[in-house]
Amino acid sequence: MTGIGSWRRAWSGVDWRLLTAWVSLQIIGLLALASATYSSDISRFVRQVVWLAIAIIVHWLAFRSDLNQWLRWSPLLYKFNIALLVLVLIVGEERYGAQRWLRVGPLALQPSEFAKPLLIISLASFFSQRAGASGDWSLLIRSAVYVTVPFLLIFWQPDFGTALVLAAIWLGMLFIAGIAVPILLSTVLAGILLFSVAWQKGIIKDYQKNRLTAFIDPYSRANREGYHILQAQLAIGSGGLTGTGLFKGRMGKLGFVPAQHTDFIFTVISEETGFVGSSVTVLLFLLLLSRLLVALNRTGDPFAAFILAGTFFYFAAHFFINVGMNLRLMPITGLPLPFLSAGGSNLVNSHFLLGLTQMIVARPKRFSSAA
């Protein structure tokens, strides 16, 4: 009975609407992935189920953890993050022209993915101890130095999509820290100028330039980078109002949409469940994001608040960039859609961050950054 009582106390106070959102998204993701892989390589679906089991365990451990312990660990986590990113550049596996993976037995891990939650915790500690104690420009510059090392290591792999997410998390947490909007806009403008210089100096790879060119005019590269964009649009449009039916999508089954199990998983949902199914998926993501904002508004602990802020911008960046590139609103960056795209690293990250979120929501009295 003691164990049952402890279990009930642990779950009392969780955000059930947030739980409903991510469980629903996870079910949709499994159905979409099964449809995208059953006729070509069902082993991808099996691997995802294994990763999901691992992710659920990680979610539970995060939910049962102590936030103050994460605060104490934050300096070590930052160093561990940097060490992993350096290691992957030295001994990592190269795939698709990028050196992003570390082989650990039968598992291939992507350190740049794990850099996201590790940086969220590290930045949360940084901002919670410094926000309000110094001027806007001082906080901006000091935090920029803090973020630059992992950002450049990831950009060097190259992994522009993940680097973009890190930048979004940093800017979002700066906003929550109270940095003036004109200063944030100046920072974004400076980033655009630096990107222009990197483009001119050849730091931006040719395939990355071609992706941006294809985004602006996909027909100019219809047989190469533009092919992904055009086929994704056709798949989404062919779904109509209610779709072709689960496991009956033709664009993916006939191989017209590349990477349909990862970057373009949203096209599976749109083609097979139509506007109705894709709208439900979008609404579930918006529900998840709105519940994160509610939790952020209610917490009174600075460290917890910045954890929630970083988590919000993590999911917001992935959602808007991935769905945006499927709808030709964003360039192709190779960024997964949480809970839906195949891939273990991102799945574990997403469950870990929501585990921390539910822990903050369910047990607010345990949190005291000064402890």
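Just so we're clear, the structure is a prediction, and the values are computed from it rather than from any experiment.

A. Structural detail: a nonpolar patch on the surface. Residues Val-23, Ile-27, Leu-31, Tyr-38, Ile-42, Val-46, Val-50, Ile-54, Leu-246 and Phe-247 make up a contiguous nonpolar surface patch of roughly 810 Å² in combined accessible area. Broken down by secondary-structure element, the contributors of at least two residues to the nonpolar patch are helix H2 (16–37) and helix H3 (43–63). Tracing the sequence through the fold places Ile-27 in helix H2.

B. Fine view of the nonpolar core. In this structure, Phe-127, Leu-288 and Phe-339 are the most contacted members of the largest nonpolar core, which totals 90 residues. When residues in this core are grouped by element, the largest group, 15 residues, is from helix H13 (residues 302–326). Setting aside its immediate chain neighbours within four residues, Leu-288 contacts Leu-18, Ala-21, Trp-22, Leu-25, Phe-315, Phe-339 and Leu-354. Grouped together as the second largest cluster of nonpolar side chains are ten residues, Ala-214, Met-251, Met-325 and Ile-332 included.

C. Highlighting the packing of helix H9 (residues 206–216) against helix H10 (residues 225–238). The N-to-C vectors of H9 and H10 enclose an angle of 40 degrees; their axes lie 8 Å apart at closest approach. For the element pair H9 / H10, the angle class is oblique. For the element pair H9 and H10, the recorded crossing hand is right-handed. Between H9 and H10, the residues in contact are Asn-210, Arg-211, Ala-214 and Phe-215 and Glu-225, Gly-226 and Ile-229, respectively. The residue inventory of the contact of H9 with H10, partitioned by class, reads three nonpolar, two polar and two charged.

D. Representation of the pattern of salt bridges within the structure. The final tally for this structure, using the stated rule, is two salt bridges. Arg-291 is the partner of Asp-15 in a salt bridge, and the nearest nitrogen-oxygen pair spans 2.9 Å. Placement of the pair is Asp-15 in the loop between helix H1 (2–11) and H2 and Arg-291 in helix H12 (residues 265–298), with a sequence separation of 276 residues. Exposure remark for Asp-15: the relative accessible area of 7% places this residue in the buried category. Classification of Arg-291 as buried rests on a relative accessible area of 10%. Between Lys-116 and Glu-113 there is a salt bridge, with its nearest N and O atoms 3.0 Å apart. Taken together, the positions of Lys-116 and Glu-113, both in helix H5 (residues 111–130) and three residues apart, correspond to about one turn of that helix.

Calculation notes
- Residues numbered from 1 in each chain as written.
- Predicted model: local features only at pLDDT ≥ 70, side-chain atom pairs only at ≥ 80, totals over all residues.
- Heavy atoms only, no water.
- Patch = residues over 30% accessible without salt bridge, like charges linked within 9 Å, V, L, I, M, F, W, Y side chains within 5 Å.
- Areas by Shrake-Rupley, 256 points an atom, 1.4 Å probe, with all protein chains shown as cover.
- Salt bridge = Lys/Arg side-chain N within 4 Å of Asp/Glu carboxyl O.
- Helix = DSSP H or I, 4+ residues; strand = E, 2+ residues; numbered from the N terminus.
- Core = buried A, V, L, I, M, F, W, Y, C linked by side-chain atoms within 4.5 Å.
- Buried < 20%, exposed > 50% of the residue type's maximum accessible area, 1.4 Å probe, protein only.
- Contact = heavy atoms within 4.5 Å.
- Axes fitted to C-alpha atoms, helices over the stretch in contact; angles between N-to-C directions.
- Parallel < 35°, antiparallel > 145°, perpendicular 65-115°, else oblique.
- Left-handed = near helix turned anticlockwise from the far one by under 90°.
- Nonpolar A, V, L, I, M, F, W, Y, C, P; charged D, E, K, R; others polar.

That is the geometry; function is a separate question.
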